[in-house]
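Close look at the chain arrangement
Given next are the chains, with one letter for each unit.
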Amino acid sequence: MNEPGVQSLVDQETLAARVDAGETPEWVERHFETFTDALLGERNGTSFPCHFGAQSVRDGEPLYTAVPSTTDPDALLRFRDTLLEYLDTYPDAPGRASLVTFFKPPEREYAEADYHETLWHLLQFLHVHDPEPWPADIPTDPDDPRWEFSFGGEPIFPTCRAPFYGERKSRYCPVGLEITFQPRALFDGITHDTEAGRRAREQIQGRLESYDGVCPHADLGDWGVEGDREWPQYLFREDPEQSPDECPIEVSREHPKAASPRSEPPMAGDD
């Protein structure tokens with residue numbers, strides 16, 4: 001961890017120091033600054049709705065990586081390896097150490113449909129190149145309320161922010177696609193079936209309405225609750241005509257699907 005290169009896994013203190021020293025590309029700097037400003041700032045007199053996430057950033061707990069392409073296979077394989085390293089690392093990290101991932105913005109302007117396509121391309125790539133089997137207790141059908149994207153043997157909740165959001169600023173990132181990967185284990189003790197989880201959801205939804213100035217998204221729900229689905233929550237739709245009606249990922253329990261993680265040196269230009 002904390003090795004040179006934008007695709008390495010780094011802690012918040014290290015990334016902040018590299019940004020301050022001008023050692024990161026401009027797009028990484030912009031991502032980091034807008035992310036921390038959003039999580040630690042206020043809008044409409046309300047702090048960021050997810051107080052768990054805001055407190056985690058305030059305490060310096062998240063881990064970070066950046067990916068210079070959403071299509072280049074080498075960049076995506078490096079990302080896969082970094083995600084595997086994160087899954088090995090986070091259980092021993094302090095607090096709720098999620099993985100915040102910044103993607104280099106596209107050269108052309110993306111519509112909402114492009115961001116949905118990009119997200120599911122990334123998740124499908126990770127699934128196909130996952131060195132671990134799909135968890136036995138997680139369904140493979142995304143239309144099952146207990147389905148969750150899984151990688152490295154763990155169910156994970158990926159939360160996206162993107163530039164196409166207008167009023168829903170809690171999901172807005174002006175730079176490009178940003179995904180925070182949260183293993184389901186990070187939600188232990190605050191799930192919907194616990195008193196602490198119910199209180200937290202009431203507080204978060206109340207803050208969401210104040211922060212965004214609009215009602216919480218219709219797709220917002222809880223894992224395992226009949227009628228709720230996880231996959232539409234990863235990247236909330238704004239325009240139904242530009243968002244998928246069915247989950248675009250194809251999941252298989254067949255294993256292995258691809259080779260084991262590489263142990264190659266960083267690509268040239270990975271800085």
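Our subject is the structure that appears above.
Small disclaimer: the values here were computed from a predicted structure and weren't measured. (Residues numbered from 1 in each chain as written. Predicted model: local features only at pLDDT ≥ 70, side-chain atom pairs only at ≥ 80, totals over all residues. Heavy atoms only, no water.)

Details of the packing of helix 1 (residues 12-20) against helix 2 (residues 26-40)
Note the following rule: Helix axes are fitted only over the stretch in contact, all axes being lines through C-alpha atoms; the angle between N-to-C directions runs from 0 to 180 degrees. Secondary structure elements follow DSSP: runs of H or I no shorter than four residues count as helices, runs of E no shorter than two count as strands, and numbering proceeds from the N terminus. Throughout this description, any angle smaller than 35 degrees is read as roughly parallel, any larger than 145 degrees as roughly antiparallel, any in the 65 to 115 degree range as roughly perpendicular, and the remainder as oblique. A crossing counts as left-handed when the near helix is turned anticlockwise from the far one by less than a right angle, and as right-handed when that turn is clockwise. Should any heavy atoms of two residues lie within 4.5 Å, those residues are considered in contact.
Between helix 1 and helix 2, whose axes approach to 10 Å, the crossing angle comes to 125°. Judged by the inter-axis angle, helix 1 sits oblique to helix 2. Considering only the axes of helix 1 and helix 2, their crossing is left-handed. Across the interface between the two elements, Q12, L15, A16 and V19 of helix 1 pack against V28, E29, F32 and E33 of helix 2.

Some remarks on the environment of P163
We count it as follows: Each residue is assigned to one of three classes by its accessible area relative to the maximum for its type, calculated with a 1.4 Å probe on protein chains only: buried under 20%, partly exposed between the two thresholds, exposed over 50%.
Following the sequence through the fold, P163 ends up in the loop between strand 7 (154-161) and strand 8 (178-183). By relative accessible area, P163 is classed as partly exposed at 25%. When the C-alpha atoms of P163 and V175 are compared, they prove to be 6.6 Å apart, with twelve residues separating the residues in sequence. Those residues in contact with P163 that lie beyond four places of it in its chain are Y115, Y172, C173, P174, V175 and G176.

Some points on the nonpolar core
Rule in force here: For this analysis, a nonpolar core means a set of buried residues of the types Ala, Val, Leu, Ile, Met, Phe, Trp, Tyr and Cys, connected via side-chain atoms within 4.5 Å.
One finds Y86, W120, L123 and W147 to be the most contacted residues of the largest nonpolar core, which totals 44 residues. Where this core is concerned, the elements lending two or more residues are strand 4 (63-67), helix 4 (73-89), strand 5 (99-103), helix 5 (112-128), strand 7, strand 8 and helix 7 (231-234).

Remarks on the sheet that holds strand 8
Stated formally: Strands are treated as partners if at least two bridges between them are detected by DSSP.
Taken together, the six strands give an open sheet; going across it, the order is 1-4-5-8-7-6, and neighbouring strands pair in mixed fashion. Every other strand in the sheet has two partners, leaving strand 1 (10-11) and strand 6 (150-151) as the edge strands with one partner each. Two elements, strand 5 and strand 8, share four bridges in a ladder whose sense is antiparallel. Directly across from F102, in strand 8, lies its bridge partner E178. Each of strand 4, strand 5, strand 6, strand 7 and strand 8 touches helix 4; the most contacted strand, strand 4, lies at about 175° to it.

Focus: unusual backbone geometry
A cis amide bond links H255 to the next residue, P256, at an omega of 0°. Positionally, P256 belongs in the segment after helix 7. At N2, a residue that is not glycine, the phi angle is positive and equals roughly 65°. Relative to the helices and strands, N2 resides in the segment before strand 1.

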